[in-house]
Amino acid sequence: MSVPSDKMVELSDLRAANLHLQATINGLREGLEAEAAKTVSAVQAGKAEMADEIAQLRLTIGSLRSRLETEASGHEASLQELRAAQMGEAVQLKATINSLRAELEAARHASTEALASQQAESAREQDALKNQIKALRALLETNG
């Protein structure tokens, strides 16, 4: 009867070992579940932090874009004002050039007329002098 009692002790030892293994497995499982929960929590916290950083970056980008668009609009308005001013100056310069051309043309015309008038006057004076010379020669020949 010692055999069955040995088997009982052996069974009891196996049960104890089995219970110990089961307790170890349960402990490991609980540890793994705790680590998994910590990992899930850390991942969620990381995602939330990244989402917050992304949101901040989007706000910053939106702010920069808005500021750049505002500056671009201001520069465009300044450029349009400058273009309008330059166009006005160009029109004014063209008008001044046209006026100066007209004055130059009038001065050329007046100069041409004055030269023609002087040439005509000079021709008349030459004719008068030639006539006087002829008259004086004739007078010298008759007196002479």
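Throughout what follows, the structure given in this document is the object of discussion. (Residues numbered from 1 in each chain as written. Predicted model: local features only at pLDDT ≥ 70, side-chain atom pairs only at ≥ 80, totals over all residues. Heavy atoms only, no water.)

1. So, the overall build of the protein chain
Reasoning step 1: Along its length, the protein chain carries one helix and zero strands.
Reasoning step 2: Against the 2.2 N^0.38 benchmark of 15 Å for 144 residues, the protein chain shows a C-alpha radius of gyration of 60 Å, more extended than a compact globule.
Reasoning step 3: Taken across its 144 residues, the protein chain has 0% of its residues classed as buried.
Reasoning step 4: Accessible surface, the protein chain as shown: approximately 12900 Å² in total, 61% of it carbon and sulfur. (Helix = DSSP H or I, 4+ residues; strand = E, 2+ residues; numbered from the N terminus. Rg over C-alpha atoms; globule rule 2.2 N^0.38 Å. Buried < 20%, exposed > 50% of the residue type's maximum accessible area, 1.4 Å probe, protein only. Areas by Shrake-Rupley, 256 points an atom, 1.4 Å probe, with all protein chains shown as cover.)

2. What about a nonpolar patch on the surface?
Reasoning step 1: A cluster of nonpolar side chains, M8, L11 and L14, forms an exposed patch at the surface whose accessible area comes to about 320 Å².
Reasoning step 2: With respect to the secondary-structure elements, M8 resides in helix α1 (residues 2–143). (Patch = residues over 30% accessible without salt bridge, like charges linked within 9 Å, V, L, I, M, F, W, Y side chains within 5 Å. Salt bridge = Lys/Arg side-chain N within 4 Å of Asp/Glu carboxyl O.)

3. Focus: the pattern of salt bridges
Reasoning step 1: Evaluation of the coordinates by the stated rule reveals three salt bridges.
Reasoning step 2: R67 is the partner of E71 in a salt bridge, and the nearest nitrogen-oxygen pair spans 3.7 Å. Taken together, the residues E71 and R67, both in helix α1 and four residues apart, mark about one turn of the helix.
Reasoning step 3: Note that E121 is salt-bridged to R124, the shortest N-O span being 2.7 Å.

4. A few points about the environment of A90
Reasoning step 1: Here A90 is to be found in helix α1.
Reasoning step 2: Along the primary structure A90 and A34 are separated by 56 residues, whereas in three dimensions their C-alpha atoms are 81 Å apart.

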